[in-house]
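Summary of structural features
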Amino acid sequence: THRERERRTERERERDTGTPGVRQPPTRWERPSWTTPSCSPISRTRGCIVISYTVPWEHIFFTSLLSTRSLHGTAKKLLDLLFDIGIEEHPIVFHVFSNGGCMLYRYIIELQHDRGATRYRKLNVVGTIFDSGPGDKNFQGGIRALHSILRPSNNPFIKIFATVTFVFVALIRFMLYPASKFWSLSLYDSLKQDPSRWPQLYLYSKSDKVISYKDIENVIRARKQLRV
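Presented here is a report on the structure given in the accompanying data block. This is a predicted model, so every value here is computed, not measured. What you see as residue numbers is a count from 1 along each chain, following the sequence as written. In keeping with the predicted nature of the model, local features appear solely for residues at pLDDT of at least 70, side-chain atom pairs appear and are counted solely at 80 or more, and the whole-chain, interface and lining totals rest on all residues. Heavy atoms throughout the structure, all of them, feed into the side-chain values; hydrogens and water do not.

Here we look at the pairing of strand β1 (residues 92-97)
One bridge is not enough; two strands pair if DSSP finds at least two bridges between them. Helix numbers and strand numbers start at the N terminus; a helix is a DSSP run of H or I with at least 4 residues, a strand a run of E with at least 2. Here six bridges tie β1 to strand β2 (residues 125-131), and the two strands are oriented parallel to one another. Note that in β2 the partner of Ile-92 across the bridge is Val-125. Every crossover in which the path from the first strand over the helix to the second runs clockwise, viewed with the strands pointing away from the viewer, is termed right-handed. For the handedness criterion, the β-α-β arrangement of β1, helix α5 (residues 98-112) and β2 is classed as right-handed.

Here is the structure:
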């Protein structure tokens, strides 16, 4: 009967993942790490399903500066994945690390509050953890982050070229922002005005040399004014 088939399917899902009604996530999204490496094992031992995704560094330092919607498609795929594995009704927590994670999270929020994409409003989001972010315009911190990524490279030309390109593109974006903000807010400003109202936890350090703690505290004040 139909009910027997449903029960059999439910048992198969539980056998695959240990969680009733949840299918195993496709391995293509198991990339370290949208959540931080230290948090993923903890979450798994507590019975959580962890879907990790890392924004490619090229998107963080270059593509995102040239195209404000470069990660929109990726955000949509991640949200669709939650439906594909059947956890849309389970409690969902986003753990967002640094500005790279914030870039992707921005479009996740936009999709969830898009009037034309009502499907994503069904997701049972219970909160967001911001880990070392978001940060405002910080050339020095951005260069430090870029150098840490390029550190394994022994080619000084690549490091110099990447640094000069990043500074050039960032300066152009900075100079154009007073006009462009009327149709596209910066990452920092958009997260301050984030339309979501679920709880948010901010983890940060005053000794962080990449993301200034003052930027994060400014966001916290802005969110409190919105009663978040």
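Describing helix α9 (residues 213-225)
The span you would expect from a helix comes to 1.5 Å times its residue count less one. The terminal C-alpha atoms of α9, which comprises 13 residues, lie 19 Å apart, in line with the 18 Å expected from a rise of 1.5 Å per residue. When accessible area is computed with a 1.4 Å probe and restricted to protein chains, residues below 20% of their type maximum are described as buried, those above 50% as exposed, and intermediate ones as partly exposed. Asp-215, Ile-216, Val-219, Ile-220, Ala-222 and Arg-223 are the residues of α9 that are buried. Along the long axis of α9, the arc covered by the buried residues comes to 165°, so they all point the same way. Every exposed residue of α9 that faces more than 90 degrees away from the buried side is listed here: Lys-214, Lys-224 and Gln-225. Note on definitions: a residue-residue contact is assigned when non-hydrogen atoms from the two residues lie within 4.5 Å. Elements that come into contact with the buried residues of α9 comprise α8 (187-192) and β3 (200-203). At the exit of α9 stands Arg-227, carrying a positive phi of roughly 65°. Each direction from the helix axis to a C-beta atom contributes to the arc, which is the arc of those directions.

Re unusual backbone geometry
At the junction of Gly-133 and Pro-134, the peptide bond is cis and its omega measures out at 0° in the coordinates. Counting through the fold element by element, Pro-134 comes out in the loop between β2 and α6 (139-150). The backbone phi angle of Ser-132 is positive, close to 60°, even though this residue is not glycine. Relative to the elements of secondary structure, Ser-132 occurs in the loop between β2 and α6.

As for the sheet that holds β1
The strand order across the open sheet built from three strands is β1-β2-β3, with neighbouring strands paired in parallel fashion. This sheet does not close on itself; its edge strands, each paired only once, are β1 and β3. Across the sheet, the mean angle from the axis of one strand to that of its neighbour is 15°, orientation sign disregarded. Examined bridge by bridge, β2 and β3 share four bridges and lie parallel to one another. Along β3, the bridge assignment pairs Asp-131 with Leu-203. To define axes, lines are fitted to C-alpha atoms, for helices over the stretch in contact only, and angles between the resulting N-to-C directions are given on a 0 to 180 degree scale. Where α5 meets the sheet, it contacts β1, β2 and β3, and its direction lies at approximately 140° from that of β1.

So, the nonpolar core
Leu-79, Phe-94 and Tyr-105 are the most contacted members of the largest nonpolar core, which has 44 residues in total. For this core, the leading source of residues is α5, giving eight residues. All the domain ranges listed were derived from an automatic or database domain assignment. Viewed by domain, this core spans two of them, domain 1 (50-136 + 186-227) and domain 2 (138-185), each represented by three or more residues. Residues in contact with Leu-79, not counting those within four places in the same chain, are Phe-94, Ile-108, Leu-111, Gln-112, Tyr-120 and Leu-123. To form a nonpolar core, buried Ala, Val, Leu, Ile, Met, Phe, Trp, Tyr and Cys residues must be joined to one another through side-chain atoms within 4.5 Å.

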